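# Residue-level structure breakdown
The primary structure of each chain is shown beneath.
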Amino acid sequence: MQQPGSTVSRSAGGLQPVKAYGFPTVFGRNLVAELNDFVHRPFLVVTMADLWPVFEPLLDPGHCRPYLVESIEEQDLLRDLAELPSCEAIVGLGGGQALDVAKYFAWKRRLPLFQVPTALSVNAVFGQRSGVRSEGRVRYLGWAVPESVFIDYDVLRAAPRHLNYSGIGDILCFHTGVLDWKYASETGKCEAKWPYDAALAAQSLEKVEAVLRRQEAIRDLTDEGIRVLVDGLQWGTTYHGAGWMPRHIEGIDHFVFYALERQTGKKFLHGQPVCLGVYVGSLMHACRAQEMLSAVAGIGLDIRPEAMGLTWAQVSEALLGLKSFVGEAGLWHSIAHDVEITPDLVDEIRDGIASAYGAWSKP
Ligand SMILES: [Zn+2]
């Protein structure tokens, strides 16, 4: 596994820089109980109400107290922060929201941060900024680098499987991200500050290939499958490592998600709309769409609209309006900025998904 820090590696073209990525990350078992012995005391455990009863017996009440996340609205967090007793460190224990709030508190209080993801649904744990809401809109702000991220195989395997499968979204999106970057570059529409970098793109694509090669291990959440997911999600830190540039890690894949979120106001399991966007983008670029869809379905992530609590009419509306959405939202140039999604393409997407998953029946 790649160690954090900037290094160089020899490739066919000579010495190529490897962008700094990843935070110190430890893999193992029984890691939550170990926190008692080394985290600065007393420490605040930022977690969720449904998770706390599972982990409370493992943590010494003499050394820590819980903070149960109810809101990621910045005003609520600032109010709670003012009322919190003093502590010496922050532990994030949960999925995306708990980890983001832990980052936010660590940033505001300038405290050491230790992160323990309980599911790999999103790459939040491998980003310096915290995704909080301000007047209902997501803002990424702050700066928090964890002392370490603890990947506990048994904790992750105990989570509902689809939460971990969701993590492939933030890796497969490198495929469409790179396609959009190349497309924008070739059509002369790439932002001057983000010129195409083939070596960096190739590194992103290696992470995609790793997922495609190890679909069974990911589906079965073996130790190896978990390591493949973590390695791909760690690449999220290259948003910072490449100078706050998202080009090699996301494009139309996430734009589809943003469009659905804007239109419906719904909360999503991140990987579902993102993987739908990967499929849509791969079709538009005519590049490995079937392969992407088969991998997502084979691993077990359901991207049918119904599985996200949507109707096909809602998805269709978002896709037909994607071109105007990306233009208005001021997102970096992608194929969606130039190519209108037609009703025929929506039919093709619908047919493709139906043949991969079969007809929807209520679980
Ligand atoms: Zn994402």
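Residues numbered from 1 in each chain as written. Predicted model: local features only at pLDDT ≥ 70, side-chain atom pairs only at ≥ 80, totals over all residues.

## As for the pairing of strand E9 (residues 137-141)
As defined by bridge partners, strand E8 (residues 130-134) adjoins E9 across 5 bridges and the pair is classed as antiparallel. The residue of E9 that forms the bridge with glycine 131 is tyrosine 140. Linkage of E8 to E9, two consecutive antiparallel strands, is achieved through a turn of 2 residues, within which glutamate 135 is found at a positive phi near 50 degrees. (Pairing = 2+ DSSP bridges. Helix = DSSP H or I, 4+ residues; strand = E, 2+ residues; numbered from the N terminus.)

## Structural notes on the packing of helix H13 (residues 271-284) against helix H14 (residues 289-299)
It is at 8 Å that the axes of H13 and H14 come closest, and there the two elements cross at 165 degrees. By the angle between their directions, the pair H13 and H14 is classed as roughly antiparallel. As for how H13 packs across H14, the hand of that crossing is left-handed. Side by side, H13 and H14 meet where Cys275, Val278, Tyr279, Ser282 and Leu283 of the first sit next to Ala289, Met292, Leu293 and Val296 of the second. Partitioned by chemical class, the residues of the contact of H13 with H14 number 8 nonpolar, 1 polar and no charged. (Axes fitted to C-alpha atoms, helices over the stretch in contact; angles between N-to-C directions. Parallel < 35°, antiparallel > 145°, perpendicular 65-115°, else oblique. Left-handed = near helix turned anticlockwise from the far one by under 90°. Contact = placed C-beta atoms within 7 Å. Nonpolar A, V, L, I, M, F, W, Y, C, P; charged D, E, K, R; others polar.)

## Thoughts on the confidence of the model for the chain
Confidence along the chain averages 94 in pLDDT terms, with 94% of residues attaining 70 or more. Scored below 50 in pLDDT, residues 1-14 makes 20 contacts in the model with residues more than four places away or belonging to other chains. (pLDDT = per-residue confidence, 0-100.)

## A word on the domain arrangement of the chain
The parts lose accessible area when they come together, and the size of an interface is often stated as this lost area. Looking at the assigned domains, one finds that the chain contains domain 1 (25-159) and domain 2 (162-357). The straight-line distance from the C-alpha centre of domain 1 to that of domain 2 is 27 Å. Contacts between the two partners involve 17 residues from domain 1, matched on the other side by 20 residues from domain 2. Mapped by element, the contributors of at least two residues to the side of domain 1 that touches domain 2 are strand E3 (25-28) and helix H5 (153-158). (Domains from an automatic or database assignment.)

## Quick notes on the nonpolar core
With 105 residues, the main nonpolar core has Val46 and Val91 as its most contacted residues. Counting residues per element, this core draws most heavily on helix H7 (residues 169-186), at 9 residues. Taken together, domain 1 (25-159) and domain 2 (162-357) each give at least three residues to this core, which thus spans both. (Core = buried A, V, L, I, M, F, W, Y, C linked by C-beta atoms within 7 Å. Buried ≥ 20, exposed ≤ 12 C-beta atoms within 10 Å, placed from the backbone.)

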